[in-house]
Amino acid sequence: MNEHDIRQLSGHDVKPFSPLLGLSLFLAATAIVGLSERRHVFAMMEPRFSRLLKMSGLAFHKAGRVIDYCGPRAAYYIDQHQAERDMHETLRPLYRHIMTELAPQLAEAPAKRLISTPSHPDQSPISDRSGPG
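Residues numbered from 1 in each chain as written. Predicted model: local features only at pLDDT ≥ 70, side-chain atom pairs only at ≥ 80, totals over all residues. Heavy atoms only, no water.

## Concerning the overall build of the chain
What counts here: Secondary structure elements follow DSSP: runs of H or I no shorter than four residues count as helices, runs of E no shorter than two count as strands, and numbering proceeds from the N terminus. A simple rule labels every residue: compare its accessible area, found with a 1.4 Å probe on the protein chains alone, to the largest value its type can have, and call it buried under 20%, exposed over 50%, or partly exposed in between. We call two residues contacting when some pair of their heavy atoms lies within 4.5 Å.
Per the secondary structure count, the chain includes 5 helices and 4 strands. Counted from the first residue to the last, the chain has its helices and strands arranged as α-α-β-α-β-β-β-α-α. Relative to its 133 residues, the chain shows a buried fraction of 26%. Residue pairs in contact within the chain that sit at least 24 positions apart in sequence constitute 58% of those at least 6 positions apart.

As structure tokens, this is what we get:
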């Protein structure tokens, strides 16, 4: 990865299926997890993408069997602290840049719960309704 690759990420000329784009998204997710003081991450992905990430130092561990979910996918696990420690040295400048950009945005974001607490004890916090609303 070089400066041209990093500049490409900020422009509009990134190819839709660029491996650099996929890797950058995983670096951003790793940064968000760390900045959120979380540690454990599960992801559904293609086994071949897991192998690509492993070459970059992001070693996901398979946590389930391969299923057909928009193509072949499996559940994978990674420890955020380990991901930061094992990250290839060539990715660290991009990762630090991503962290620098995301930290103030996360600090400004209002604290919101992803799943609300039910207002009634017998009411589920997750709706099983399909469709909008």
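## Things to note about helix H5 (residues 92–108)
Quick reminder of the rule: One less than the number of residues in a helix, times 1.5 Å, gives the span that helix is expected to have. At any given residue, the bend is defined as the angle formed between two axes, one fitted to the seven residues that end at that position and one fitted to the seven that begin there.
Taking 1.5 Å of rise per residue, the 17 residues of H5 would be expected to cover 24 Å, and the 25 Å separating its terminal C-alpha atoms lies within 8% of that figure. Where H5 bends most, the angle comes to about 25 degrees, and this point is Leu102, followed within four residues by the proline Pro104. All of the buried residues in H5 are Arg92, Leu94, Tyr95, Ile98 and Leu102.

## Thoughts on the nonpolar core
What counts, and what does not: Remark: nonpolar core denotes a set of buried residues (Ala, Val, Leu, Ile, Met, Phe, Trp, Tyr, Cys) joined through side-chain atoms within 4.5 Å.
If you look at the biggest cluster of nonpolar residues, it comprises 20 residues, and the most contacted ones within it are Phe26, Leu27, Met45, Leu53, Leu58, Phe60 and Ile98. Among the secondary structure elements, those contributing two or more residues to this core are helix H2 (19–35), strand E1 (40–45), strand E4 (72–79) and H5. Ranked by residue count, the leading element in this core is H2, at 5 residues. Those residues in contact with Ile98 that sit more than four places away from it in its chain are Ser24, Leu27, Ala28 and Ala31.

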